[in-house]
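For reference, the chains in residue letters:
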Amino acid sequence: MAFDFSSLKKQRGSLDTLMKEVEKIAQPQSTEAQKDDRFWSLEVDKAGNGYAVIRFLPPTKGEDLPWIRVWNHGFQGPTGKWYIENSLTTLGKTDPVSELNTELWNAGTEANKEIARKQKRRLTYYANIYIVKDPAHPENEGKVMLYKFGKKIFDKIKDVMQPQFEDEDPINPFDFWKGANFKLKARDVEGYRNYDKSEFETSSVLSEDDDKLESIWNKQHSLNEFLDPKHFKSYEELKSKLEQVLNASGSSTARADKIELGEASTRPAFKPKEDAPRAESPAPKAEREKPKAVDLDDDSDSLSYFAKLANDD
């Protein structure tokens, strides 16, 4: 549903459409992109601490939602090669990794389940944001940029849309007039990036000047662009890449009905093929060392780290 700025203002504070989408996510049915200067990321200091204030922005022109979701896979196979690819499940299509994970999971052995866990898909969100405060890069303040984030930060968005306590009023954090600034706080917890201390401020208007708000809205970037099939390899290409990563011989991986980890299966168990990757195949010592500052709370950052390792090979 496309609408103009006047329509957007009339709908200020509305949560109905967004809540329907949140409910879909609560009951679910990135190859790392090349450097794109439209994207903003939080810079941390040597201690792993970072702070900024951002504002999530409403749907852009011609788009219904202020976010999109992209599923991806990032893991290293027993060959030492990396698999860093967007998942076709993002587009509602069959993906070879999900098929293989189904087979491994249904095999029933803990070793195969552990392999499937390591290969599970990761979820990344894309949204437009307005940079309110960026101490590390003040030149970014006042800019409209794209932001990639993971489930933990989206959970904080959902928490203010669906407050748990009766003394808390629901907020649409993507609203110009009745939304709220988001204080993004990163810290290092046992060697991993953590965003638990991030929080929304009280509801406030981003600007009293409607002309300024409309100018911000006009600068927003298309999110649907990242769901364009051109950003996803074909099933055949992904399967070929998966075979190279998992099997030195390049032998074929078996197909299975698609099922995501943790979902109940209504199909009989699948017997793994002999060339399936084995949990007892250890990686070289250098590859087994615990990486520093890998972001487990925000899948997009951890995938960036894996992509860097893959490109350095």
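Refer to the preceding data block for the structure.
In this report, we go over the structure that sits alongside the text.

Conventions adopted
Residues numbered from 1 in each chain as written. Predicted model: local features only at pLDDT ≥ 70, side-chain atom pairs only at ≥ 80, totals over all residues. Heavy atoms only, no water. Patch = residues over 30% accessible without salt bridge, like charges linked within 9 Å, V, L, I, M, F, W, Y side chains within 5 Å. Areas by Shrake-Rupley, 256 points an atom, 1.4 Å probe, with all protein chains shown as cover. Salt bridge = Lys/Arg side-chain N within 4 Å of Asp/Glu carboxyl O. Lys, Arg positive; Asp, Glu negative; His and termini not counted. Charge placed at Lys NZ, Arg CZ, Asp CG, Glu CD. Helix = DSSP H or I, 4+ residues; strand = E, 2+ residues; numbered from the N terminus. Buried < 20%, exposed > 50% of the residue type's maximum accessible area, 1.4 Å probe, protein only. Axes fitted to C-alpha atoms, helices over the stretch in contact; angles between N-to-C directions. Parallel < 35°, antiparallel > 145°, perpendicular 65-115°, else oblique. Contact = heavy atoms within 4.5 Å. Nonpolar A, V, L, I, M, F, W, Y, C, P; charged D, E, K, R; others polar. Polar contact = N/O pair within 3.5 Å; in protein donor to acceptor, adjacent residues only side chain to side chain. Arc of directions from axis to C-beta.

## Considerations on a negative patch on the surface
Here comes step 1: Where like charges cluster on the molecular surface, the negative patch consists of Asp-159, Glu-166, Asp-167, Glu-168 and Asp-169.
Here comes step 2: Assignment of secondary structure puts Asp-169 in the loop between helix H5 (151-161) and strand S7 (182-189).
Here comes step 3: Among the residues examined, Asp-169 registers a relative accessible area of 64% and is labelled exposed.

## A word on the packing of helix H3 (residues 96-106) against helix H7 (residues 235-246)
Here comes step 1: Where H3 meets H7, the closest approach of the two axes is 9 Å, and the angle between their N-to-C directions is 55°. Comparing the axis directions of H3 and H7 gives the class oblique. Side by side, H3 and H7 meet where Pro-96, Val-97, Glu-99 and Leu-100 of the first sit next to Tyr-235, Leu-238, Lys-239, Leu-242 and Leu-246 of the second.
Here comes step 2: Broken down by class, the residue content of the contact of H3 with H7 amounts to seven nonpolar, no polar and two charged.

## So, the side chain of Asn-194
Here comes step 1: Along the chain, the position of Asn-194 falls in strand S8 (residues 192-194).
Here comes step 2: At a separation of 2.8 Å, a polar atom in the side chain of Asn-194 contacts the main-chain amide nitrogen of Asp-196.

## Structural notes on helix H4 (residues 110-118)
Here comes step 1: Among the residues making up H4, those that are buried are Asn-112, Ile-115 and Ala-116. On an axial view of H4, the arc spanned by its buried residues comes to 100°, and they lie on one face.
Here comes step 2: Residues of H4 that are buried make contact with H3.

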